[in-house]
Amino acid sequence: FIQLMRRIANRPFAMEALNIENLQRTLERLDNLMGVIQRALGEYLEKQRSDFSRFYFLGDDDLLEIIGNSQEPGKVLCHVAKMFAGIASARVSSDAQPDDTLTAFDAMISKDGEVVPFYKPILVKKHMGVKEWLKQLEERMQSTLALLLEQAVQEDSSSIVSTASEEGKKTFI
């Protein structure tokens with residue numbers, strides 16, 4: 001393609017460019033190759049989506065950007081809101097990390113700015129693929145919210161018990 005474009009660039013007039021030997025055949029061959037490449041790319045992106053279903057919420061351009069920046073979690077975070085309804089981003093931990101760790105996330109941040117700390121931070125290691133740590137983010141989000149819900153229910157249960165009697169209602173604050 002580049003060679004063909006160089007040959008065309010050397011001929012400033014369209015009629016001269018049309019006289020290039022085998023131009024039509026070369027363009028048809030390049031068109032066929034482009035179709036093969038596009039199909040292969042589509043199949044690759046579909047495989048990535050089947051491996052991590054949250055990728056179905058992203059367009060091809062966003063997914064390619066995530067895959068291309070898999071070793072830069074900060075660049076991937078801008079796409080988190082498209083994959084997870086309740087999360088706008090994740091907070092990067094300020095604690096010191098081991099040498100093999102790219103970054104650590106210690107909390108999720110909602111679209112409204114609410115910060116919910118994870119019960120255990122997510123360590124993004126240098127050898128990890130982007131799907132691996134995004135799956136950890138999904139799991140950690142679910143388990144942290146389940147834990148917080150369980151704690152809230154337990155707190156509510158204790159308030160019901162303490163307000164069941166007249167004495168408990170007087171001392172309950």
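The text that follows walks through the structure, step by step, so that each part is easy to find. Numbering of residues starts from 1 in each chain and follows the order in which that chain's sequence is written. Since the coordinates come from a predicted model, pLDDT governs what is reported: local features require at least 70, and pairs of side-chain atoms require 80 or more to be given and counted, while whole-chain, interface and lining totals use all residues. In computing side-chain values, all of the structure's heavy atoms are included and hydrogens and water are not.

What about the nonpolar core?
Next up, step 1: In terms of nonpolar packing, the biggest core is built from 25 residues, with Phe55, Met83, Phe84, Phe105, Trp133 and Leu134 touching the most fellow members.
Next up, step 2: By definition, any uninterrupted DSSP run of H or I lasting at least four residues is a helix, any uninterrupted run of E lasting at least two residues is a strand, and each is numbered from the N terminus. Looking at this core, the elements that each hand over two or more residues are α4 (60-68), α5 (73-77), α6 (80-83), β2 (101-109), β3 (115-125) and α7 (130-162).
Next up, step 3: For this core, the leading source of residues is α7, giving 5 residues. Put simply, buried Ala, Val, Leu, Ile, Met, Phe, Trp, Tyr and Cys residues joined by side-chain atoms within 4.5 Å make one nonpolar core. For each residue, the accessible area found with a 1.4 Å probe, counting protein chains only, is set against the maximum for its type, and the residue is called buried under 20%, exposed over 50%, and partly exposed in between.

Re the environment of Val130
Next up, step 1: Note that Val130 resides in helix α7.
Next up, step 2: Assessed through its relative accessible area of 6%, Val130 is described here as buried.
Next up, step 3: Separated by 40 residues in sequence, Val130 and Ala90 have C-alpha atoms that sit 14 Å apart.

Looking at α4
Next up, step 1: Among all positions of α4, only Asp62, Leu63 and Ile66 are buried. Taken down its axis, α4 places every buried residue within 95 degrees of arc, on the same side. Within α4, the exposed residues directed more than 90 degrees away from the buried face are Asp61 and Gly68. Arc, as used here, means the arc of the directions from the helix axis to the C-beta atoms.

With respect to the sheet that holds β3
Next up, step 1: Here, a strand pair is defined by DSSP locating no fewer than two bridges between the strands. As summarised here, the arrangement of the 3 strands in space is β1-β2-β3, forming an open sheet in which the pairing is antiparallel. The sheet is open, and its two edges are formed by β1 (89-92) and β3, each paired on a single side. Pairs of neighbouring strands in the sheet enclose a mean axial angle of 35 degrees, with direction left out of account.
Next up, step 2: Note that β1 and β2 share 4 bridges and pair antiparallel. Angles here are taken between N-to-C directions and fall from 0 to 180 degrees, while the axes themselves are lines fitted to C-alpha atoms, restricted in helices to the stretch in contact.

Points about the packing of helix α3 (residues 23-51) against α4
Next up, step 1: Where α3 meets α4, the closest approach of the two axes is 11 Å, and the angle between their N-to-C directions is 75 degrees. In this view, α3 runs roughly perpendicular relative to α4, as classed from their interaxial angle. Within the contact between the two elements, α3 uses Leu41, Tyr44, Leu45, Gln48 and Arg49 and α4 uses Asp60, Leu63, Leu64 and Ile67.
Next up, step 2: When its residues are assigned to classes, the contact of α3 with α4 shows 6 nonpolar, 1 polar and 2 charged. Put simply, angles under 35 degrees are roughly parallel, angles over 145 are roughly antiparallel, angles from 65 to 115 are roughly perpendicular, and the rest are oblique. In this description, contact between two residues means that some pair of their heavy atoms is separated by no more than 4.5 Å. Residue polarity follows a fixed list, in which Ala, Val, Leu, Ile, Met, Phe, Trp, Tyr, Cys and Pro are nonpolar, Asp, Glu, Lys and Arg are charged, and the others, Gly among them, are polar.

Thoughts on the pairing of β2
Next up, step 1: With 7 of 9 residues buried, β2 is to be regarded as a mostly interior element.
Next up, step 2: Two strands pair when backbone bridges link them, and β2 and β3 are joined in this way by 7 bridges, in the antiparallel orientation. Considered in β3, the bridge of Phe105 is made with Ile122.
Next up, step 3: Joining the antiparallel neighbours β2 and β3 is a turn of 5 residues, in which Gly113 adopts a positive phi near 90 degrees.

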